[in-house]
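# Geometric and topological summary
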Amino acid sequence: MEIKSEQLKHIRHLDLGKLLSHEVTATGLLGTAENGCIKLTVYSDKIIRVQISDNDMFDELSYAVVDNPKRSEFSLKEADSSMVVETNSMRIVINRDPVRLSFYNQNGELVNEDYPGFGISFMGSTKSIYKTLQDGERFIGLGEKTGNLDRRGSGYTNHNTDSFAYGPESDPLYCTFPFYIGIYGELAYGIFLDNTYQSHFNFGASNDRFSSFTVEGGDLNYYYIGGDSVAEIIEGYSSLTGLMPLPPIWGLGYQQCRYSYYPEHEVLNVAQTFREKRIPADALVLDIHYMDKYKIFTWDEDRFPNPKKMINTLKSMGFNVVVMCDPGIKIEEDYQAYQEGIDLDLFLKYPDGSYYSGQVWPGWCHFPDFTYSKAREWWGEKLAYYSDQGIHGYWNDMNEIATWGQKLPELIEFHFEGEGGSAKRGRNIYGHMMCRSTYEGVKSNLQGQRPFNLTRSAYCGVQRHSAVWTGDNVSNDDHMLLGVRLVNSLGLVGVAYTGYDVGGFVGDSSISLFARWISIGAFSPFFRGHSMINSKDSEPWSFGEEVEDISRNYVNLRYQLLPYIYSVFHEASTTGMPVCRSLAIDHAFDDRIYQTAFQNQYLFGPNILVAPVESYKDLIKVYLPKGDWYNFHTESLYTGESEVFVECPITHLPLFIRAGAIIPMQSIIQSTQEEPDSVLQLHLYQGADGSFYYYEDDGNSYQYQQGAYYHRKFRFDHESSRFTMEKVTGSFETKFKMVKFYLHGFADLKEIQVDGEKVTCEHEELTFLPPVSSFDPLGKESISFPVEVQTFTMVNSNAEIEILL
């Protein structure tokens, strides 16, 4: 039997081939090769978009990228065998026959290259790019992926899946984030593959020659991101996919969830118990049993006869309510949401025009097509049912799409803004578009108030719309530490607002496990306890008095740290830097951070190092990276780039503070609806230069986008022992009237000078309250007084203040 050449394309490797022609465009280069086309777009000096198609058309629709190419200068130089595109920061060499790309930095160092033998490969609709595997090259990123911090030697698949009770090596999970960072020598680069079809990444798994990425459909559409550091690469990626808006500050407090709290009196009882036991909390989360037979946009009237009254009662107690939102719309003739979806033609369809039906909690359901703008608008309008009752929190679940049987038919058709496409293209974007629809709708409904929005399934750019949690985890120590790695890895792909279910969702947590988990969870961006139906109670008081005390201590600490945490969230909203920071961000070329014994460690913001440890250990070895570090509990000082043994009884999570750190704190509150006292506590750690950008706004509205914020840089110069509070920017009036300094490591402190005058005090604490007439910070560099203690208080001011220690 004769096989035609067109058939061969589908059964053998086909290279892009020789470059036949090219033309220079305003933003780059467009070329035609023997077996397809290639397009290079200069997005900035350090970001190059590469598009490769097996025909003369390119896929341009992206739900991830919101940036446009910047006006960047570039040049093109041609030679017989190659061409060179050069910007101010990098050089891309394009080999003509066959087409291969090599990326060099501004110093002429080769950073990344296509593998010479088979760099760009087509096999039917599957397309791959193979990259030369460099000696000692490490790979980090990909977001919600299990395994080690260093992905070298592993392979992964992106195919959003309802992964109930997933294991430590399970893949895929709920989200798709095809962005990774390569590291070797002193070099780093990022690659973001913007393609929502099922994709595969191989980082030297089963071979020693190449890394690769493969798509099951669509174009090879990737962004090469250069930079001098991992942090710069994350910022470059975030410039493409967008920055998170600031969440409501109550969303940074503790949230309590269970599958499920009902009826109404149980919900109110849980809230009352938190207040009676003085354990701070800001939200109660209602799982699917609040609905009438699991139908969204309804309440079970027997269990919740007056939801608006209950919500108002909870608000008066300092609690917000978060409700579960599933995408399935029950097929039921008298169900309003179903009938509207039919009338407006909003549901996913088969190719024959009939609606797709899948079985999930309510029974057989249709599913809104969130790639259709009319479906997004309708969804947002329907959510007014909740927001009109006072609900500001929304939890998008089952949006992989999860259905019984877990086999979503691939021929289902999506709208894709009129372009059309199958579930092969739409599956990995569905959850992302659902939570986008929720966020945009609720933001409009709340008329200026920030919503809390959470999702299980996501794609790149989700940070613009939602927080992400790591799904249905399991109550064991391995899962506790896996959750830490997942959150740290999500931070590497620009998703700063992330977390896991404290205590574990599946199974029953032990006493010691819950105690350890809630202490670690206090240093997670999203902080929620959750447990499954038919499991033991898992509220903080459910494990006995000792665990209740431990829980209270760490939740209290979380709330005391809110000025620090909120300032770090502000940084995330302006730069893309995560809240939980893998040590690979600041110490990418330190081999020890990748060791399995230390890979779970991370920085919470810039200054607090967290060393998670299993619940059954009382002693742990911690690696401290470059710098000096204070033991948070003992104040002992350690030199960095060293391994130290630390006692870690269940009451003491290993925490270290960077020398030079400036950490703002506040008094203990029971919820963010309660005002702290008027004193901002600044903790200053001796031993190195340090700075911190303090940020404050009203925590609930978008007025900060019009300048209603309080932003102030604090600086400490170690050599001169000078602390500076720079001039305030923004029009918001801080809630703090005083600043109280706590000085750590200043053992030889003899005096403090403020404005050149020395004031002696023999009391344990000196409160310095000069009359306004004699305190003119705008006209004087400082005010001084000598003191032999390590705590003092001074009046806050919006102007620059310098304090000499």
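Scroll up to find the structure.
Conventions used here
Residues numbered from 1 in each chain as written. Predicted model: local features only at pLDDT ≥ 70, side-chain atom pairs only at ≥ 80, totals over all residues. Heavy atoms only, no water. Helix = DSSP H or I, 4+ residues; strand = E, 2+ residues; numbered from the N terminus. Rg over C-alpha atoms; globule rule 2.2 N^0.38 Å. Buried < 20%, exposed > 50% of the residue type's maximum accessible area, 1.4 Å probe, protein only. Contact = heavy atoms within 4.5 Å. Areas by Shrake-Rupley, 256 points an atom, 1.4 Å probe, with all protein chains shown as cover. Phe/Tyr/Trp six-rings, centres within 6.5 Å; stacked < 30°, edge-to-face > 60°. Lys NZ or Arg CZ within 6 Å of the ring centre and 35° of its normal. Salt bridge = Lys/Arg side-chain N within 4 Å of Asp/Glu carboxyl O. Axes fitted to C-alpha atoms, helices over the stretch in contact; angles between N-to-C directions. Parallel < 35°, antiparallel > 145°, perpendicular 65-115°, else oblique. 1 Å grid on protein atoms, 1.4 Å probe; cavity = no way out; pocket = protein on both sides within 12 Å on 5 of 7 lines; lining within 4 Å. Points joined across faces, edges and corners; volume = space filled by probe spheres on them. Nonpolar A, V, L, I, M, F, W, Y, C, P; charged D, E, K, R; others polar.

### Some points on the overall build of the chain
- Counting its secondary structure elements, the chain contains 13 helices and 51 strands.
- Its C-alpha atoms give the chain a radius of gyration of 28 Å, within 12% of the compact-globule value 28 Å for 805 residues.
- The dimensions of the chain, computed from C-alpha atoms along their principal axes, are 100 × 70 × 50 Å.
- Counting every position in the chain, which comprises 805 residues, the buried fraction comes to 63%.
- Excluding contacts between residues fewer than 6 apart, the proportion of contacts in the chain whose partners are at least 24 apart in sequence is 69%.
- Total accessible area on the chain stands at roughly 29700 Å², and carbon and sulfur atoms take up 47% of it.

### Some remarks on the packing of aromatic side chains
- Inspection of the entire model under this criterion finds 64 aromatic pairs.
- When the centroid spacing of 6.1 Å and the interplanar angle of 75° are considered together, the rings of Phe452 and Tyr497 count as edge-to-face. A residue pair is termed long-range when its members are at least 10 positions apart, and Phe452 in strand β29 (residues 452-455) and Tyr497 in the loop between α9 (477-492) and β31 (498-502) qualify at 45 residues. Judged on exposure class, the residue Phe452 and its partner Tyr497 are both buried.
- Of note, Lys295 hangs over the ring of Tyr335, and the distance from its end group to the ring centre comes to 5.2 Å.

### Regarding unusual backbone geometry
- Cis geometry marks the peptide bond from Tyr259 to Ser260, where omega comes out at 5°.
- Structurally, Ser260 is set in the loop between β20 (254-258) and α3 (264-277).
- Between Glu400 and Ile401 the backbone carries a cis peptide bond, its omega angle lying at 5°.
- Within the element layout of this structure, Ile401 appears in the loop between β26 (393-396) and β27 (413-414).
- Phi at Asn534 is positive, roughly 65°, even though this residue is not glycine.
- Examined against the element boundaries, Asn534 turns out to sit in the loop between β32 (526-529) and α11 (545-560).

### Focus: the pattern of salt bridges
- Taken as a whole, this structure holds 39 salt bridges when the rule is applied.
- Notably, a salt bridge pairs Asp150 with Arg138, separated by 2.9 Å at the nearest N-O pair. Of this pair, Asp150 sits in the loop between β13 (138-141) and β14 (155-158) while Arg138 is found in strand β13, placing the two residues twelve residues apart along the sequence.
- For Asp150, a relative accessible area of 14% translates into the label buried.
- Lys295 is the salt-bridge partner of Glu332, the closest N and O atoms lying 2.7 Å from each other. Placement of Glu332 in the loop between β23 (329-330) and α5 (336-344) and of Lys295 in the loop between β21 (283-286) and α4 (307-316) is noted, with a sequence separation of 37 residues between them.
- When its relative accessible area of 7% is taken as the criterion, Lys295 is described as buried.

### Focus: the packing of α9 against helix α10 (residues 511-521)
- Direction vectors running N to C along α9 and α10 enclose 5°, while the axes themselves pass 11 Å from each other. Relative to α10, α9 is oriented roughly parallel. Here Asp477, His479, Met480 and Val484 of α9 lie close against α10, whose contacting residues are Leu513, Arg516, Trp517 and Ile520.

### Regarding empty space enclosed by the protein
- Counted according to the given criterion, the structure contains six cavities of 30 Å³ or more.
- Considered as a void within the structure, the largest cavity measures approximately 120 Å³ in volume.
- In terms of lining residues, the largest cavity is bounded by 16 residues, among which Pro245, Pro247, Tyr439, Pro451 and His465 are the most central.
- Tallied by class, the residues present in the lining of the largest cavity amount to eleven nonpolar, four polar and one charged.
- Roughly 80 Å³ of volume is contained in the second largest cavity.
- In this structure, the second largest cavity is lined by Gly141, Lys145, Gly147, Asn148, Leu149, Arg151, Arg485, Asn488, Ser489, Leu492, Ser582 and Gln599.
- When residues of the lining of the second largest cavity are assigned to their parent elements, the largest contribution, four residues, is made by α9.

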